[in-house]
Amino acid sequence: MCKFAKEESVPEHLIPASRRFLFLPLLILFSSSVAAQLPGNLIRQYEVTRIEKILSADDMQGRQVYTPGIEKAAAFISREFKSAGLEPLPGSQDYRQHFTMINTKLTEVRVTLDGQSLDPERIFAFSAAPDLLVTQHSHYHKVFVKKGDDFGEVFYKYMDESQDFLILVDTSFSKRFMRYAHIHMPSFKESGNRIFILTSSNPAQFSIHIKQDTIKKSLTNLVGVLPGISLKNEYVIFSAHYDHLGIGKPDAQGDSIYNGANDDASGTTAVITLAKYFSKLKNNERTLIFAAFTAEEIGEFGSAYFSKQLDPDKVMAMLNIEMIGMESKWGKNSAYITGYHKTDMAAILEKNLKGSKFKFYPDPYPDQQLFFRSDNATLAKLGVPAHTISTSKMDSEQFYHTQKDELETLDMKNMTEIIRAIALSAGSIIAGQDTVQRVKP
Ligand SMILES: [Zn+2]
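Rules of the game
Throughout, a residue's number is its position along its own chain's written sequence, starting from 1. Owing to the predicted nature of the model, reporting of local features is limited to residues with pLDDT of at least 70; listing and counting of side-chain atom pairs is limited to 80 or more, with chain, interface and lining totals taken over all residues. As a convention, hydrogens and water are excluded, and side-chain values are obtained from all of the structure's heavy atoms. Think of a salt bridge as a Lys or Arg side-chain nitrogen and an Asp or Glu carboxyl oxygen that are within 4 Å of each other. For the exposure calls, accessible area comes from a 1.4 Å probe over protein chains only, and a residue counts as buried if that area is under 20% of its type's maximum, exposed if over 50%, partly exposed in between. Put simply, DSSP H or I for four residues or longer makes a helix, DSSP E for two residues or longer makes a strand, and each gets a number counted from the N terminus. Each metal's donors are the N, O and S atoms found within 2.8 Å of it, except that Na, K and Ca use a 3.2 Å limit; water is left out, so coordination can look incomplete. Labels for metal geometry use angle windows, namely 85 to 135 degrees for all angles of a four-donor tetrahedral site, and for square planar (four donors) or octahedral (six donors) sites opposite donors over 155 degrees apart plus all others within 65 to 115; sites meeting none of these are irregular. Axes here mean lines fitted to C-alpha atoms, for a helix over just the part in contact, with angles spanning 0 to 180 degrees between N-to-C directions. Under this scheme an angle from 65 to 115 degrees is roughly perpendicular, one under 35 degrees roughly parallel, and one over 145 degrees roughly antiparallel; angles in between are oblique. Crossing handedness: left-handed means the near helix sits turned counterclockwise from the far one by under a right angle, and right-handed means the same turn made clockwise. In this analysis, two residues are considered to be in contact whenever any of their non-hydrogen atoms come within 4.5 Å of each other. Three classes are used: nonpolar for Ala, Val, Leu, Ile, Met, Phe, Trp, Tyr, Cys and Pro, charged for Asp, Glu, Lys and Arg, and polar for all others, with Gly counted as polar. pLDDT expresses how confident the predictor is about each individual residue, on a scale running from 0 to 100. Working definition: rings of Phe, Tyr and Trp (its six-membered ring) pair if their centres are within 6.5 Å, and the pair is stacked with planes under 30 degrees apart, edge-to-face with planes over 60 apart, and tilted otherwise. Two thresholds decide whether a charge sits over a ring: the Lys NZ or Arg CZ must be within 6 Å of the ring centre and within 35 degrees of the ring normal. Residues enter patches when they are more than 30% accessible in relative terms and free of salt bridges; like-charged ones are connected within 9 Å and nonpolar ones (Val, Leu, Ile, Met, Phe, Trp, Tyr) within 5 Å. Areas reported as accessible are Shrake-Rupley estimates using a 1.4 Å probe. Residue values count occlusion only from the protein chains shown. Think of it this way: Lys and Arg go in the positive column, Asp and Glu in the negative one, and His and the chain ends go nowhere. Charged groups are reduced to one reference atom each: NZ for lysine, CZ for arginine, CG for aspartic acid, CD for glutamic acid.

J.: Sorry, what's going on with the pattern of salt bridges here?
T.: Working definition: two side chains of opposite charge can pair if their charged atoms are close together. Under the criterion given, the structure shown has 15 salt bridges. When the shortest N-O distance is used, the salt bridge between Lys359 and Glu350 registers 3.0 Å. Residue Lys359 is classed as partly exposed on the basis of its relative accessible area of 36%. Among the salt bridges present, the one from Asp434 reaches Lys351, with a minimum N-O distance of 2.5 Å. With Asp434 in the segment after α12 (427-430) and Lys351 in helix α9 (residues 345-353), the pair connects residues that are 83 residues apart, well separated along the chain. A single network of salt bridges, built from pairs that share partners, joins Glu47, Arg50, Glu80 and Lys276.

Written out as structure tokens, the structure is:
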């Protein structure tokens, strides 16, 4: 008893988080009125606001890929990682993780299915190849999207694949097919080819010839590491994307900059803040990896590349943070977790928040496929318990992807509470006390 009394007299921020977790259940036994405290002293609203303000400022020009604006953001995140005392990934000189994308522009398409030529409108492909010829003798996996299937799910599932696929989409999806056909998407140098054809037949003989102009472009993730004390080969990842939509046409007020304060400067701010928080505590038994991804807005390429550089078996958990600047649909002090029931991560996070004012909910927008639409998706597909935490009201977020997604529209107090809740709730996972179930295939 006196041991706990002594601990209680120590200011909360001086007690390592893992020890606070150990004491918590005992304290609750002694007094039911003792509530879990979010880590207030080491995560301050003014610091959260400082970071958010810089990332969403007009001079970052909307942080669009391949622009000076995103370079400026990358330099800022690097400085913050350095001041947090993070290490680069093993084998890297700094926090920058470079990779190459191939942008393409279609110049020629010729397709015949069982001897009949196909309207070029009824085919689109994701491929890095300048000249692609595919026939029934090519070793392509055939995938069928039949009437009544979930075409959206298939589309996202094969968005990033290292093998070659021929995806035959039933003509009942013609409207959606045309929409997807206009999605301009680059490919990794290493990607497989994915060819989508709108047809209700299953051709025995076919010839698909595609020519396209290709341009190589370089992109950069920022990755920093806080090595674990005893479980160095067990990783817990905190991540968010730092890219956004750049500069567009001016709105009625003459504003042309898509600041992306909520999407996803808020998540990036959380990642930097958590890096500084855990770096000060320095009691993480597992290795923590902090990642700011590029190219989410054009197809989640940054996270896909990052994820493939890791051994998925070593990744114990990924907490991706996306759009936490607004109140969730349940109001303040709450957020939702995508794929809530796919693992027991949410239950563990919830357990660690017991007695606090904060609550996590299941993703209320299952139709939107958020679990497979965010930067957690690549690792989740490999079985890693990788979830996204968000407050975004996907059905009614009025500033989503507009020039009005600015700092002034965010609730910085609530956002700070969310970051505190993430810090507290992940404690037992970081300490190696809880291991989250894998995602079932
Ligand atoms: Zn976005």
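From this point, the narrative continues.
J.: When you look at the coordination of the zinc ion in this model, what are you seeing that I'm missing?
T.: Distances from the zinc ion to its protein donors, Asp263 (OD), Glu297 (OE), Glu297 (OE) and His401 (NE2), fall within 1.9 to 2.4 Å. Viewed at the metal, the four donor atoms of the zinc ion are separated by angles of 58 to 149°, and the geometry they form is irregular. Written as a sequence motif, the donor arrangement for the zinc ion is D-x33-E-x103-H. One end of the pair, Glu297, is in the loop between β13 (286-293) and α8 (301-308); the other, His401, is in the loop between β17 (386-390) and α11 (412-425), with 104 residues separating them in the sequence. Among the residues examined, His401 registers a relative accessible area of 28% and is labelled partly exposed.

J.: Is there a simple way to think about the packing of helix α7 (residues 261-281) against α11 in this case?
T.: For any two helices packed against each other, one specifies the inter-axial angle together with the distance between the axes. Orientation of α7 relative to α11, taken along the N-to-C sense of each, is 50°, at an axis distance of 10 Å. Regarding the angle of α7 to α11, the classification is oblique. Seen from above, α7 lies across α11 with right-handed handedness. When α7 is examined against α11, the residues Ser266, Thr269, Ala270, Thr273, Leu274, Tyr277 and Phe278 are found in contact with a partner set consisting of Met415, Ile419, Ile422 and Ala423. Counted by class, the contact of α7 with α11 contains eight nonpolar, three polar and no charged residues.

J.: I'm lost on the confidence of the model for the protein in this one. Help?
T.: For residues with low pLDDT, the predicted coordinates do not support detailed interpretation. For the protein, the mean per-residue pLDDT works out to 89, and 92% of the residues sit at or above 70. Contacts for the low-pLDDT stretch residues 1-34, under 50 throughout, to residues beyond four places or in other chains number 36 contacts.

J.: Just to check I follow, could you spell out the packing of aromatic side chains for this structure?
T.: We describe a pair of aromatic rings using the distance from one ring centre to the other and the angle between the two ring planes. Tallying each qualifying case throughout the model produces 26 aromatic pairs. Ring geometry for Tyr158 versus Phe165: centroids 4.6 Å apart, planes at 55°, classification tilted. We classify Phe165 as buried; its relative accessible area is 7%. Above the face of the Tyr66 ring, Lys217 is positioned so that its terminal group lies 4.3 Å from the ring centre.

J.: For this particular structure, what's the right way to read unusual backbone geometry?
T.: Peptide bonds are mostly trans, and most non-glycine residues show a negative phi. Of note, the amide linkage connecting Asp263 to Asp264 takes the cis form, showing an omega dihedral of -10°. Take Asp264: it is sitting in helix α7. Despite not being glycine, Tyr66 has its phi angle at roughly 65°, a positive value. Mapped onto the elements, Tyr66 comes out in the loop between α3 (45-55) and α4 (68-83). Judged by relative accessible area, Tyr66 falls into the partly exposed class, the value being 30%. Positive phi values are uncommon outside glycine, yet Met323 reaches one of about 60°. Summarising the element assignment, Met323 is placed in the loop between β14 (315-321) and β15 (334-337). In this structure Met323 comes out as buried when scored by relative accessible area, which is 3%.

J.: Looking at this structure, I do not really get a negative patch on the surface. What am I missing?
T.: A cluster of like negative charges, contributed by Asp149, Asp150, Glu153 and Asp367, occupies part of the molecular surface. Locating Asp367 in the fold gives a position in the loop between β16 (359-362) and α10 (377-381).

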